[in-house]
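Structural overview for review
Single-letter residue listing:
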Amino acid sequence: MLFFSGRANPELSDRIKRIMNITPGRCRIDNFPDGEIGVVIEEDVMGREVFILQPTGPPVADNLLELLLLGDGCRRSGAARITALVPYFGYGRQDRKALHGGTVGARLAADLLAQRFDRLVVVDLHSPAIEGFFSIPVVHLSAANILAHALAADLSNQTDVLVAPDLGAVKLARNYADLLQLPMAFIHKERLDGSEVVARDVIGAVKNRRPIIVDDMISTGGTIVSAVEALRQNGSRPPLAVIATHGLLVDDALNRLAPLGIERVVVTNSLSIKPEDSPVRLEVADLAELLAGCIHHLFRNN
Ligand code: R5P
């Protein structure tokens, strides 16, 4: 078995290698002066089972292409089977034609990956339906147990409420509400543009309760800002926590969250996160054991 990783999340790659006690396959990844990415697989992969780690978060196009090039290099060098480990799948939110004349980016990204990989491991896709976009087997892992565990000790079903900040997050929030034995509420959100959203209604009992807001990702933070405002208008206390699998945290997202009085923001390390620079209490739950266990299982039971 051989393990390679792209450059998108070296910290997660290191943790997986340490847990599995493996040395990564040798490969070279560089940028040409014009920005093109060049990959050379220096390890002998002929006939080997290969795993390649690379989340396709920002810069999404570069990270996706780097992953495809790694897959291409291994395929051209004769690897027997290549599995892409993509803890965050970029373009996942483009899972339908939202506007007339629009595109379905998630389907295109799935088609590209299926051309170079034999199977795929992902964590908390934006919607489970995306699995169906792939013509290769997909192992869809969930970070729910890891994130719920990070919070469990602090919670009370007398004072707290699990909140889905939009209708898309209701199923996810239901899952957490069951795991944590909490009541649930949800918000009707409308998106105005890429970073601005407005919360229309809050459905469920939030008055005098401490919300725990759950989403699959925090990108610009706009969804959380509007959710917290709507919850306050409906009499909630300041949020105990925001939990999300993927911390994209673009466009100054953490500075947008800082004035909201949120006690804890908990994300996973599906993307490379630097918690020490954060203006809010940012905790990072580790996916390395989950992914290492998955690699081990796939390798042993192929
Ligand atoms: C939307 O459907 C997603 O589940 C997230 O709510 C959204 O993408 C978060 O983005 P932002 O932080 O920019 O509001």
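Since the structure is predicted, the reported quantities are computational estimates derived from the model, not experimental observations. (Residues numbered from 1 in each chain as written. Predicted model: local features only at pLDDT ≥ 70, side-chain atom pairs only at ≥ 80, totals over all residues. Heavy atoms only, no water.)

1. Side note on the site of the ligand
Our working rule: Residue proximity to a molecule or strand is established when one non-hydrogen atom of the residue lies within 4 Å of it. Each polar contact in these results corresponds to two N or O atoms within 3.5 Å; when the atoms are within protein, one needs to be able to donate a hydrogen and the other to accept it, and residues that are neighboring in sequence are counted only if both atoms are side-chain atoms. Per-residue and other accessible areas follow the Shrake-Rupley method at a 1.4 Å probe size, with only the shown protein chains counted as cover for residues. In DSSP terms, a helix is any run of H or I states spanning at least four residues, a strand is any run of E spanning at least two, and both are numbered starting from the N terminus. Gly is placed with the polar residues, together with every amino acid not listed as nonpolar (Ala, Val, Leu, Ile, Met, Phe, Trp, Tyr, Cys and Pro) or charged (Asp, Glu, Lys and Arg).
In the region of the ligand, 14 residues are neighbours, and Arg93, Asp215, Asp216, Thr220 and Thr223 sit closest. Aspartate 216 is positioned with one of its side-chain polar atoms (N or O) 2.6 Å from an oxygen atom of the ligand. In the model, an oxygen atom of the ligand is placed 2.5 Å from a nitrogen or oxygen of the threonine 223 side chain. Across the complex, the protein chains shield 92% of the 380 Å² of accessible surface that the ligand would expose by itself. Counting residues per element, the ones that place at least two in the shell around the ligand are strand S9 (184-191), strand S11 (210-218) and helix H6 (222-233). The element contributing the most residues to the shell around the ligand is S11, with four residues. Its residues assigned to classes, the shell around the ligand shows two nonpolar, six polar and six charged.

2. Topic: empty space enclosed by the protein
Which entries qualify depends on this criterion: Cavities and pockets were defined on a 1 Å grid built from protein atoms only: a cavity is a group of points that admits a 1.4 Å probe but offers it no way out, a pocket is an open group of points flanked by protein on both sides within 12 Å along at least five of seven lines, and a lining residue is one with an atom within 4 Å of any such point. Grid points are joined across faces, edges and corners, and a volume is the space filled by probe spheres set on the points.
In the structure shown here, the tally under the stated rule is one cavity of 30 Å³ or more. By volume, the largest cavity amounts to about 50 Å³. In terms of lining, the largest cavity is formed by Pro87, Tyr88, Phe89, Val122, Val123, Asp124, Leu125, His126, Met217 and His246. By residue class, the composition of the lining of the largest cavity is seven nonpolar, two polar and one charged.

3. As for the packing of helix H4 (residues 144-152) against helix H5 (residues 170-180)
Inclusion rule: In this analysis, axes come from line fits to C-alpha atoms, helices being fitted only over the stretch in contact, and the angle between any two N-to-C directions falls in the range 0 to 180 degrees. With respect to orientation, any angle under 35 degrees is reported as roughly parallel, any angle over 145 as roughly antiparallel, any angle of 65 to 115 as roughly perpendicular, and every other angle as oblique. It is the rotation of the near helix from the far one that decides the hand of a crossing: anticlockwise by less than a right angle makes it left-handed, clockwise makes it right-handed. Contacts between residues were defined by any pair of non-hydrogen atoms, one from each residue, lying within 4.5 Å.
Running from amino to carboxyl end, H4 crosses H5 at an angle of 50 degrees, the nearest separation of the two axes being 10 Å. Here H5 runs oblique to H4, going by the angle between their axes. Crossing of H4 against H5: the hand is right-handed. For the pair H4 and H5, contact is made by Ala144, Asn145, Leu147, Ala148 and Ala152 and by Asn175, Tyr176, Leu179 and Leu180, respectively. Here the residues of the contact of H4 with H5 are counted per class, giving seven nonpolar, two polar and no charged.

4. A few points about the pattern of salt bridges
Selection rule: Each salt bridge in this description consists of a side-chain nitrogen of Lys or Arg and a carboxyl oxygen of Asp or Glu lying within 4 Å of one another. Categorising residues by exposure relies on relative accessible area from a 1.4 Å probe, with only protein chains included: less than 20% of the type maximum marks a residue as buried, more than 50% marks it as exposed, and the intermediate range marks it as partly exposed.
With the rule as written, the count across this model stands at 20 salt bridges. Its salt-bridge partner being arginine 28, residue glutamate 42 comes within 3.1 Å of it at the nearest N-O pair. In this pair, glutamate 42 sits in the loop between strand S3 (37-41) and strand S4 (49-53) while arginine 28 sits in strand S2 (residues 27-31), placing the two residues 14 residues apart along the sequence. Glutamate 42 gets classed as partly exposed once you look at its relative accessible area, which sits at 35%. Aspartate 111 is the partner of arginine 107 in a salt bridge, and the nearest nitrogen-oxygen pair spans 3.0 Å. Taken as a pair, arginine 107 and aspartate 111 lie in helix H3 (residues 105-116) at a separation of four residues, close to a single helical turn. Note on aspartate 111: relative accessible area 29%, which makes it partly exposed. Through salt bridges with shared partners, one network takes in Asp154, Arg264, Arg281 and Glu283.

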